Amino acid sequence: MILNILNKVLSLLFGIGCSCYYFYCHQFWTCENILKGIGAGIIFFMFAWFCIFLLIWLFFLGVALTINTKKEYSRVSKIYYGIFNYWYSYICSLTGMKIKVTGLEKMPSGTRFLTVCNHRSNFDNMVQSAVLKHEKIAYISKIENFKIPFACQYMTRALYLPIDRGHPKKALETITKAIGYINNDIISVGVFPEGSRSKNCELKRFKAGCLRVAEKTGCPIVVCTIQGTEKVHKNFLWKKTVVNFDILRVYSGEEVKASSTVKLADEIRELMLEKLGK
């Protein structure tokens, strides 16, 4: 990711510059001076990296503060959505993810769609957004996520939809709003049909109701799988994590209309099981 690379390059240049300045000021090339110069460069590199890192985060957090979470937005902002997506990409890079993608050529063009994907980690949505960066997708997310400071502002402005799983009537209102997004050509919608993260990485039973968004609109369904995000928190700081994001199949609007949500849910789950192996 560009910001992460830029941070490292600038910090390295500052560190090298500090060492060179030290050597210039102390022209006696003794072992002690060489070690002190290298040490000063390392310290300055770390200091510069932290300062640039802090500035990047202050920018993202500052932009978030300009968003009114109490306002109901009806249109997605290209600027805010782009910054939000860039933040996702930055986090993926910062945490050491190496994302491998297959199936991008299957993505529908010129139409809104519904994405369905398995759910293993809090990073799943970030990876999917980073991979599909040329698409605008509003995700249906549990209501608790809208209480996360700063993230809730971006989620609100990107038209994410909170779903209250404990209240069926409110959950139905969320699905109805998602249907409106696609019918009115506002934004595509993303769901995780398991309803919550699978902590043991086994694919859970699907909640077929989320597929009503496609059933009622006749939009295509993009079937995806993600693997590896569950290892990010363990590998962070130690090694890179390989994350596989695969687009398995795209159901056309005609195929969606000709089937039922229950049948589609079963077919999609079987596709995922075949890819994930469990």
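Residues numbered from 1 in each chain as written. Predicted model: local features only at pLDDT ≥ 70, side-chain atom pairs only at ≥ 80, totals over all residues. Heavy atoms only, no water.

Novice: Is there a simple way to explain the environment of Arg 120 in this structure?
Specialist: The residue Arg 120 is located in the loop between strand E2 (114-117) and helix H4 (124-131) in this model. Each C-alpha atom of the pair Arg 120 and Glu 194 lies 9.9 Å from the other, and the pair is 74 residues apart in sequence. Separated by 3.4 Å, the side chains of Arg 120 and Glu 230 make a polar contact. (Helix = DSSP H or I, 4+ residues; strand = E, 2+ residues; numbered from the N terminus. Polar contact = N/O pair within 3.5 Å; in protein donor to acceptor, adjacent residues only side chain to side chain.)

Novice: I keep staring at the environment of Lys 177 and nothing clicks. Help me out?
Specialist: Mapped onto the elements, Lys 177 comes out in helix H6 (residues 168-183). A sequence separation of 36 residues divides Lys 177 from Val 213, and the C-alpha atoms of the two residues are 9.1 Å apart. Once residues within four sequence positions are removed from consideration, Lys 177 is found in contact with Glu 72 and Leu 161. (Contact = heavy atoms within 4.5 Å.)

Novice: What am I meant to see in the pairing of E2 here?
Specialist: Moving residue by residue along a regular strand, the side chains alternate between the two faces of the sheet. In E2, alternate side chains face the same way, and those of Leu 114 and Val 116 on one face and Thr 115 and Cys 117 on the other are all buried. The pairing of E2 with strand E5 (residues 188-191) spans three bridges and is classified as parallel. Paired with Leu 114 across the strands is Val 189, a residue of E5. In this structure, E2 lies alongside strand E6 (residues 221-227), joined through four bridges in parallel fashion. Residue pairing in the sheet places Cys 117 in a bridge with Cys 224 of E6. (Buried < 20%, exposed > 50% of the residue type's maximum accessible area, 1.4 Å probe, protein only. Pairing = 2+ DSSP bridges.)

Novice: Explanation requested: the packing of aromatic side chains in the structure shown.
Specialist: For any pair of aromatic rings, the description consists of the separation of the ring centres together with the inter-plane angle of the planes. In the structure shown here, the tally under the stated rule is 12 aromatic pairs. Ring geometry for Phe 60 against Tyr 90: centres 6.2 Å apart, planes inclined by 35°, an arrangement best described as tilted. Taken together, the residues Phe 60 in helix H2 (residues 31-64) and Tyr 90 in helix H3 (residues 78-94) connect sequence positions 30 residues apart. When its relative accessible area of 0% is taken as the criterion, Tyr 90 is described as buried. (Phe/Tyr/Trp six-rings, centres within 6.5 Å; stacked < 30°, edge-to-face > 60°.)

Novice: I keep staring at the nonpolar core and nothing clicks. Help me out?
Specialist: Burial of nonpolar side chains together is a common tendency in soluble globular proteins. Among the nonpolar cores identified, the biggest contains 76 residues, and Leu 114, Val 116, Tyr 154, Leu 211, Ile 221 and Ile 268 are the most heavily contacted of them. Every residue in contact with Leu 211, bar those within four places of it in the chain, is listed here: Leu 114, Val 116, Ile 221, Thr 261, Leu 264, Ala 265 and Ile 268. (Core = buried A, V, L, I, M, F, W, Y, C linked by side-chain atoms within 4.5 Å.)

Novice: What is the right way to read a nonpolar patch on the surface from this model?
Specialist: Together, Phe 50, Leu 54, Leu 55 and Leu 58 line one region of the surface with nonpolar side chains, adding up to about 410 Å² of accessible area. Along the chain, the position of Leu 55 falls in helix H2. (Patch = residues over 30% accessible without salt bridge, like charges linked within 9 Å, V, L, I, M, F, W, Y side chains within 5 Å. Areas by Shrake-Rupley, 256 points an atom, 1.4 Å probe, with all protein chains shown as cover. Salt bridge = Lys/Arg side-chain N within 4 Å of Asp/Glu carboxyl O.)

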